Amino acid sequence: MIKSKVWRTLEDVVFVVVASTILYSMITGFTESTYTSLMGKGFASELLDPIRNKEYYKTILSILSILTTFFVVLEIIRLLVTEWVSFLRTTENWKTGELLTGMRKIGREVLIRYKSNFLARVFNEYLSKAVIIFVYLLWMPYFEKFALFKIGNTWYAWLYAYLMWELTYWLWHFVAHRVRLFWCLHAPHHTPSEMNLTVAWVHFFAEGYYTAFVQVPLLMLFGVRPEMVAIILVIDGTWGTFLHAGERSFKNGRFGVLQYLLITPSHHRVHHAKNPLYIDTNFCVLLPFWDWLFGTLQPERKEVKIEYGITRPVDTADFIDFYFGECILLWRDVRAANGWQNKFKFLFMPPGWTPESNEKTAPVVRRKFLNENPGLDFTSRQLLTRIKF
């Protein structure tokens, strides 16, 4: 997308103000909570009070929230330090011109990795978050009347509720990758060129309405109580944010034996990759059950280094292209298509489809890659086919 220098400069200035405000709030809040913890309040209160009340999941969520705040700041600091050290190693003389060039290079790296993520957070805070939560609260009582049955408050009822949440999450998430109209709503989340915790902030403002439209009716139909959904939303959001921890937080991200029980940052890095092997896999958030059952569970392979982003070229420091680019391109394709049938297909066929070919769609690209690399073709689908009944 081509924009004037004035607009790009305005975006950069807004980013500096937004990032400074958010980071200042995070750092001061973290520091204040650390200090008050020494007096039995702050973090200490957040961690210990739920234990006293036997609400252990709240303690786990508090720990994850604390770690998320810590690692957001850590990732940014490590980027700045890494770029500064790299500059020092390549600079022999401390000339003013070279120093300014180095600072511009560091600034450019920060813009590429963080600018659109921070702007998307502000965009979503004002346009969607409160309204989406209201949509869930408004719709659940209405659709609850159509429940096929009611579940209790036992541990296995909660496990069932969470599995139903993950099933409905897998469903909308899978469709968002395979139907271009919905991909336009989801694509901004996949556009960042690296993984870091601020990627969790990036969502198209209208995506939440689509997810609620899919999840709420099904969850109520399956007997999941609204108060359960409210708690699961918090758990899902907290762990879902933590999953975006990048290599500057956890180089490996597999978490040992937990990778066989939970969706880990390594799994989610695979989900955000554009490599043919990884594309359109790992749709779940916490439990890998449905990915395993539907054959979309894909572990990270040492032979295939993750490449983040979407398959078309994107300037991630250009917020319009980053956030609205897929919508703009879809509109152009629909407008230029011949006949209403092709216009309709552009909306509902997979991303990459054209009337002439489907060779650039994810299923075809992945299948071709696996045919050429059969040694890498081992996912949960292959494991299931080996089970003899």
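Because the structure is predicted, anything quoted here is derived from the model rather than measured.

(A) Main features of the environment of A212. You can see A212 is positioned in helix α8 (residues 207-221). Given a relative accessible area of 0%, A212 falls into the buried group. Each C-alpha atom of the pair A212 and V135 lies 7.3 Å from the other, and the pair is 77 residues apart in sequence. Not counting chain neighbours up to four residues away, the residues in contact with A212 comprise V135, Y136, W139 and P217.

(B) Quick peek at a nonpolar patch on the surface. Residues W84, L88, L100 and M103 make up a contiguous nonpolar surface patch of roughly 350 Å² in combined accessible area. Among the secondary structure elements, those contributing two or more residues to the nonpolar patch are α3 (56-89) and α4 (96-127). Secondary-structure assignment places L100 in helix α4.

(C) A look at the environment of R178. Within the secondary structure, R178 is located in helix α6 (residues 155-178). In this structure the C-alpha to C-alpha distance between R178 and D280, which are 102 residues apart in sequence, comes to 8.4 Å. If near-sequence neighbours (up to four positions away) are discounted, R178 is found in contact with D280, F348, M349, P350, P351 and P363.

(D) Local environment of the nonpolar core. Core analysis: the biggest nonpolar cluster contains 64 residues, and F15, F118 and W165 have the highest contact counts within it. Those elements that provide at least two residues to this core are α1 (5-37), α3, α4, α5 (129-144), α6, α8, α9 (226-242) and α12 (319-336). Leaving out residues up to four positions away in the same chain, W165 has contacts with Y136, Q215, L219, V229, I232, L233 and D236. Residues M195, A273, L277 and Y308 belong to the second largest nonpolar core, which totals 12 residues.

(E) Just the packing of aromatic side chains, in detail. Following the criterion strictly, the structure yields 32 aromatic pairs and no others. Plain terms: the ring middles of F15 and F118 are 5.9 Å apart, the flat faces sit at 70° to each other, and that makes the pair edge-to-face. Taken together, the positions of F15 in helix α1 and F118 in helix α4 put the pair 103 residues apart, joining distant regions of the chain. By the burial criterion, F15 is buried, and F118 matches it. Pairing W239 with F242 gives two aromatic rings, centres 5.6 Å apart and planes at 40°, and the pair type is tilted. Taken as a pair, W239 and F242 lie in helix α9 at a separation of three residues, close to a single helical turn. In this structure, W239 and F242 share a single accessibility class: buried. Its guanidinium or amino end placed over the ring of W201, R121 lies 4.4 Å from that ring's centre, counting from NZ or CZ.

(F) Structural view of unusual backbone geometry. Phi is positive for D280, which is not a glycine, with a value near 60°. Summarising the element assignment, D280 is placed in the loop between α10 (265-271) and α11 (289-294). Located in the positive-phi region is N282, a residue other than glycine, with phi close to 55°. With respect to the secondary-structure elements, N282 resides in the loop between α10 and α11.

(G) Structural view of the pattern of salt bridges. Taken as a whole and assessed by the stated rule, the structure comprises 15 salt bridges. R8 serves as the salt-bridge partner of D315, at 3.1 Å between the closest nitrogen and oxygen. Pair noted here: D315 is in the loop between α11 and α12 and R8 is in helix α1, with a separation of 307 residues, a long-range link. Exposure remark for D315: the relative accessible area of 26% places this residue in the partly exposed category.

(H) Here's a closer look at helix α7 (residues 180-190). For α7, the buried fraction is high: nine of the 11 residues fall into the buried class. Within α7 the residues assigned to the buried category are R180, W183, C184, L185, H186, A187, P188, H189 and H190. Lining the buried residues of α7 we find α6, α8, α10, α12 and α13 (339-348).

(I) Structural context of the environment of G152. Counting through the fold element by element, G152 comes out in the loop between α5 and α6. With a relative accessible area of 38%, G152 lands in the partly exposed category. For the pair G152 and G223, spaced 71 residues apart in sequence, the C-alpha to C-alpha distance is 9.4 Å. Once residues lying within four places of it in the same chain are set aside, the contact partners of G152 are A157, R225 and M228.

(J) The packing of α7 against α12, seen in detail. With their axes 7 Å apart at the nearest point, α7 and α12 run at an angle of 160° to one another. As summarised for this structure, α7 and α12 are arranged roughly antiparallel, according to the angle between their axes. Like other packed secondary-structure pairs, α7 and α12 cross with a definite hand, here right-handed. Residues R180, L181, W183, C184, A187 and P188 of α7 pack against F322, Y323, E326, C327, L329, L330 and D333 of α12. By residue class, the composition of the contact of α7 with α12 is 10 nonpolar, no polar and three charged.

Scoring rules and cut-offs
- Residues numbered from 1 in each chain as written.
- Predicted model: local features only at pLDDT ≥ 70, side-chain atom pairs only at ≥ 80, totals over all residues.
- Heavy atoms only, no water.
- Helix = DSSP H or I, 4+ residues; strand = E, 2+ residues; numbered from the N terminus.
- Buried < 20%, exposed > 50% of the residue type's maximum accessible area, 1.4 Å probe, protein only.
- Contact = heavy atoms within 4.5 Å.
- Patch = residues over 30% accessible without salt bridge, like charges linked within 9 Å, V, L, I, M, F, W, Y side chains within 5 Å.
- Areas by Shrake-Rupley, 256 points an atom, 1.4 Å probe, with all protein chains shown as cover.
- Salt bridge = Lys/Arg side-chain N within 4 Å of Asp/Glu carboxyl O.
- Core = buried A, V, L, I, M, F, W, Y, C linked by side-chain atoms within 4.5 Å.
- Phe/Tyr/Trp six-rings, centres within 6.5 Å; stacked < 30°, edge-to-face > 60°.
- Lys NZ or Arg CZ within 6 Å of the ring centre and 35° of its normal.
- Axes fitted to C-alpha atoms, helices over the stretch in contact; angles between N-to-C directions.
- Parallel < 35°, antiparallel > 145°, perpendicular 65-115°, else oblique.
- Left-handed = near helix turned anticlockwise from the far one by under 90°.
- Nonpolar A, V, L, I, M, F, W, Y, C, P; charged D, E, K, R; others polar.

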